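Overview (structure and organization)
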Amino acid sequence: MYNFDVNNIRRDFPILNQKINDQPLIYLDSGATAHKPNIVLEEIKKYYEIKNANPHRGAYQLSVLSTEVYENTRELVRGFINAKSTKEIIFTKNTTESLNLIAFSYGMNFIKEGDEIVLLIANHHSNIVPWQQVAKTKRAHLKYMYLDDEGRLTEDEMKEKISPKTKLVSLCDVSNVLGTVYPVKSVIDYAHKMGAIVVVDGAQGLPHRKVDVTELDADFYAFSAHKMLGPMGFGVLYGKEELLNEMPPFLTGGNMIEYVSEEETTFAELPYKFEAGTQNVSGAAGLAAAINYLNEIGMDNITAYEKDLTAYALNKLLEIDYLKIYGPKTMKDRGGVISFTVEGAHPHDVASILDAYGVAIRSGHHCARPLMNFLGVAATSRASFYFYNTFEEIDVFVDSIKKVRKWLGSGS
Ligand code: C6P
């Protein structure tokens, strides 16, 4: 059960209150990026109005204020994911940069020739391409864990692919295409038994469900602010302190040093060792406001509402016989993302026709081409929900899909 009034919530999101093609906007693309409540917009504005200065540098009051904004956000993020220390919270640009940091700093230094890197076939490109670079450079082997007919990872498949040769496993906790929620805790426990470390791409998980990195025992966990009501250009990498300590810096330059001579540099302590150059403090201000907003509503409340909303949409879509739905056909192991194809219609045409009804969905390969090849499809249409979506919006979305084939002059 959930406990909030979605209409009240929607009043906090100014962008939702507008028309697209003369129709009320129905935004079903939060998997790509989420909208921002007023409080996030206000905090970013307030930062530039009264707190803007380069953090960690000045002795003057404004720089101290800016540093406080940045570091308070780090503590808030630590608490939000239950990390043990703020040293384990590295700020980046986005999930992509967080994953690249691990690949280039950990992967390029600790993966050796002949080691195996195990990936999930449902991974986003940002959790595949960096590992391909590592595997090529280090002459390591990439192995993929494949999925069953409903897009789930079975225990047998996991145990077949992860072995004592595995040095690192990297997987998403929720697929941005299938909506499948993967059993990351089981993968982490098994991989650890085999002696491997585990990277979790939480871009689609953390915005929608409570994540406790300590309970999970994840070695690394990456996510983006913009998918959880925060601003674009701000991301987080959680990493276990003992691993981060052993890793060399990813980017070098200002802010991340302890001492620099003409020939040599010693590096700053964690987390600053991984934060070169002037940082995105307004982004930190926005993320802090987003986390406070999410905490106020309650992550369990959000998960429960989205589960009901997704079940409602899924059941309505499953009734349409010329629709193919990818991923789980029930709410077991399923989050608020539904990919589908309409028989006789290209996914891009589906998205364009829905746009005429004010419904914004994504179409294409969703930056997951290996998964699309595995599914045997070039593209899908995708609706992804957040807790500001309503059941009435789902009705309009489903009715619009029913009109697609008429628009294209095929079918009923
Ligand atoms: N997926 C989508 O529409 P960035 O761009 O770095 O904030 O996030 C990358 C990323 C990583 N992992 C997963 C599982 C993702 O879904 C994404 C972003 C968007 O599905 C844009 S392609």
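This structure is a prediction, so every number in the text was calculated from the model and none was measured.

**Let's talk about the domain arrangement of the protein chain**
By the assigned domains, the protein chain splits into domain 1 (6-30 + 298-407) and domain 2 (42-295). Placing a centre on the C-alpha atoms of domain 1 and another on those of domain 2 gives a separation of 28 Å. Between domain 1 and domain 2, the contact holds 35 residues from the first and 29 residues from the second. Together, the buried faces of domain 1 and domain 2 total about 2,800 Å²; carbon and sulfur atoms form 59% of this surface. Inspection of the domain 1/domain 2 interface yields one salt bridge. Its salt-bridge partner being R152, residue D333 comes within 2.8 Å of it at the nearest N-O pair. Within the residue set of the side of domain 1 that touches domain 2, elements represented by two or more residues are helix 11 (299-318), strand 14 (337-342) and helix 13 (369-375). Considering every element that reaches the side of domain 1 that touches domain 2, the biggest residue donor is helix 13, with six residues. A breakdown of the residues in the side of domain 1 that touches domain 2 according to their chemical character gives 18 nonpolar, eight polar and nine charged.

**Notes on the pattern of salt bridges**
Summed over the entire model, instances satisfying the criterion amount to 19 salt bridges. Two residues, D29 and R382, come together in a salt bridge whose shortest N-O distance is 3.0 Å. With D29 in the loop between strand 3 (26-27) and helix 2 (38-51) and R382 in strand 17 (residues 380-384), this residue pair connects regions lying 353 residues apart in the sequence. Classification of D29 by relative accessible area gives buried; the value is 12%. For R382, a relative accessible area of 1% translates into the label buried. Linking E71 and R74 is a salt bridge whose minimum nitrogen-to-oxygen distance equals 2.8 Å. Here E71 and its partner R74 are both found in helix 3 (residues 61-81), three residues apart, which amounts to about one turn of the helix.

**Points about the site of the ligand**
Around the ligand, the surrounding shell holds 17 residues, and the nearest of these are T96, D201, Q204, S224 and R362. Contact distances for the ligand include 2.8 Å between an oxygen atom and a side-chain N or O atom of N176. Contacts to the ligand include R382, whose side-chain N or O atom sits 2.7 Å from an oxygen atom. Considered class by class, the residues forming the shell around the ligand number three nonpolar, 10 polar and four charged.

**Considering helix 5 (residues 129-138)**
Among all positions of helix 5, only P130, W131, V134 and A135 are buried. Axial view of helix 5: buried residues confined to an arc of 135 degrees, hence all on one face. Among the exposed residues of helix 5, those oriented more than 90 degrees off its buried face are K136 and T137. Next to the buried residues of helix 5 lie helix 4 (95-110), strand 5 (116-120), strand 6 (141-145), strand 7 (166-172) and strand 8 (197-201). Of the residues flanking the end of helix 5, it is R139, one or two places downstream, whose phi is positive at about 55 degrees.

**Section: the sheet that holds strand 14**
Strand pairing within a sheet occurs via backbone hydrogen bonds; the two strands may be parallel or antiparallel. Within the open sheet, the four strands sit side by side as 13-14-17-16. Their pairing is antiparallel. Whereas interior strands pair on both sides, the edge strands pair on one side only; in this sheet they are strand 13 (323-326) and strand 16 (362-364). Here the average twist between neighbouring strands, direction ignored, is 30 degrees. Direction of pairing for strand 16 relative to strand 17: antiparallel, over a ladder of three bridges. What sits directly across from G364, in strand 17, is T380. Sitting on the sheet, helix 14 (residues 391-407) touches strand 13, strand 14 and strand 17, and the angle it makes with strand 14 is about 20 degrees.

**Some words on the packing of aromatic side chains**
Scanning the entire structure with this criterion turns up 22 aromatic pairs. Between the aromatic rings of Y386 and Y388, the centroid separation amounts to 5.5 Å while the plane-to-plane angle is 65 degrees, which identifies the pairing as edge-to-face. The pair formed by Y386 and Y388 is uniform in burial state, with each residue classed as buried. Ring geometry for F387 versus Y388: centroids 6.0 Å apart, planes at 45 degrees, classification tilted. Here F387 and Y388 have matching classes, each one buried. Aromatic rings pair up to connect Y2, F4, F13, Y293, Y305, Y312, Y386, F387, Y388 and F391 into one cluster. Here the basic side chain of K210 rests over the ring of F80, its NZ or CZ set 5.3 Å away from the ring centre.

**With respect to the sheet that holds strand 5**
Pairing is mixed in the open sheet, where seven strands are placed in the order 4-10-9-8-7-5-6. In this open sheet, the two edge strands, each paired with only one partner strand, are strand 4 (89-92) and strand 6. This sheet shows a mean twist of 20 degrees between the axes of neighbouring strands, independent of strand direction. The strands touched by helix 4 are strand 4, strand 7, strand 8, strand 9 (220-224) and strand 10 (235-239); relative to strand 9, the strand with the most contacts, the crossing angle is about 150 degrees.

Conventions and cut-offs
- Residues numbered from 1 in each chain as written.
- Predicted model: local features only at pLDDT ≥ 70, side-chain atom pairs only at ≥ 80, totals over all residues.
- Heavy atoms only, no water.
- Domains from an automatic or database assignment.
- Contact = heavy atoms within 4.5 Å.
- Buried area = accessible area lost by both parts, 1.4 Å probe.
- Salt bridge = Lys/Arg side-chain N within 4 Å of Asp/Glu carboxyl O.
- Helix = DSSP H or I, 4+ residues; strand = E, 2+ residues; numbered from the N terminus.
- Nonpolar A, V, L, I, M, F, W, Y, C, P; charged D, E, K, R; others polar.
- Buried < 20%, exposed > 50% of the residue type's maximum accessible area, 1.4 Å probe, protein only.
- Near = heavy atom within 4 Å.
- Polar contact = N/O pair within 3.5 Å; in protein donor to acceptor, adjacent residues only side chain to side chain.
- Arc of directions from axis to C-beta.
- Pairing = 2+ DSSP bridges.
- Axes fitted to C-alpha atoms, helices over the stretch in contact; angles between N-to-C directions.
- Phe/Tyr/Trp six-rings, centres within 6.5 Å; stacked < 30°, edge-to-face > 60°.
- Lys NZ or Arg CZ within 6 Å of the ring centre and 35° of its normal.

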